[in-house]
Amino acid sequence: MRALVALLVVGSVAFALLVGRAEPTPDLSRGVDGVAAWLHDLTDECASVKRDDDFTDFAGPVRSKVYAPFIAEWGTCAKQPYERLGLLILRPGLEQAWRTALANGEVRGDPDLAFGDGFALTGSIGMEYLGLKRLECTPTACSLMEIKHH
């Protein structure tokens, strides 16, 4: 299974409308720096990555409990309207962890990550223009679904 890269932010990410699907995809061999460079190429924001040690402080206790065991690397960059947009490199297993947390009543709904081919980010506006999908989960299965244009 390919490692998932996720961008996590508390709240929604407002993207400028992009024409067509975003190409090419991030250079995942560069980790969060590759994701930041890809986002910078698309939006002229997220020019540099800052690293931090306290993921729970950044993401909150619920997200941290589910996501943190699967984080291989993380950092933040500036992407308006947010001062800190989280960039995460995840190990395989997030889907199963979310399903388990859902079955145990620790979380409700779906992960707040919009996934691409080996990477993801959170938000609700503009994700379809980046070619990302959302992950819909039940306690027994998860499926990647197209994000509908609003």
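Quick look at the overall build of the protein chain now. Secondary structure assignment for the protein chain yields 4 helices and 7 strands. Each helix and strand of the protein chain, placed in order from N terminus to C terminus, yields the pattern β-α-α-α-β-β-α-β-β-β-β. At a minimum sequence separation of 6, the contacts of the protein chain that also span at least 24 residues come to 58%. Just so you have it, the protein chain exposes about 7,800 Å², and 53% of that area is on carbon and sulfur atoms.

According to the stated counting rule, one finds 6 salt bridges in the structure shown. Arginine 51 is paired through a salt bridge with glutamate 73; the nearest N and O atoms lie 3.0 Å apart. Of this pair, arginine 51 sits in the loop between α1 (32–43) and α2 (55–59) while glutamate 73 sits in strand β2 (residues 71–79), placing them 22 residues apart in sequence. The partly exposed category is assigned to arginine 51, whose relative accessible area is 47%.

Quick look at the nonpolar core now. Among soluble globular proteins, nonpolar side chains are generally buried collectively. Counting 22 residues, the largest nonpolar core has Phe55, Val66, Tyr67, Ile71, Leu94 and Leu113 as its most contacted members. Sorting the residues of this core by element identifies α2, α3 (61–67), β2, β3 (82–90), α4 (94–103) and β6 (133–137) as the ones contributing at least two each. A per-element tally of this core places α4 first, with 5 residues. In terms of nonpolar packing, the next biggest core, distinct from the first, is built from 17 residues, Val49, Leu87, Ala114 and Ile147 among them.

This next bit is on the confidence of the model for the protein chain. Across the protein chain, the average pLDDT comes to 77, with 78% of residues at 70 or higher. Contacts of residues 1–22 to residues separated by more than four positions or lying in other chains number 94 contacts, the stretch itself having pLDDT below 50.

Looking now at the environment of arginine 134. Within the fold, arginine 134 resides in strand β6. Separated by 14 residues in the primary sequence, arginine 134 and alanine 120 place their C-alpha atoms 9.0 Å from one another.

Conventions and cut-offs
Residues numbered from 1 in each chain as written. Predicted model: local features only at pLDDT ≥ 70, side-chain atom pairs only at ≥ 80, totals over all residues. Heavy atoms only, no water. Helix = DSSP H or I, 4+ residues; strand = E, 2+ residues; numbered from the N terminus. Contact = heavy atoms within 4.5 Å. Areas by Shrake-Rupley, 256 points an atom, 1.4 Å probe, with all protein chains shown as cover. Salt bridge = Lys/Arg side-chain N within 4 Å of Asp/Glu carboxyl O. Buried < 20%, exposed > 50% of the residue type's maximum accessible area, 1.4 Å probe, protein only. Core = buried A, V, L, I, M, F, W, Y, C linked by side-chain atoms within 4.5 Å. pLDDT = per-residue confidence, 0-100.

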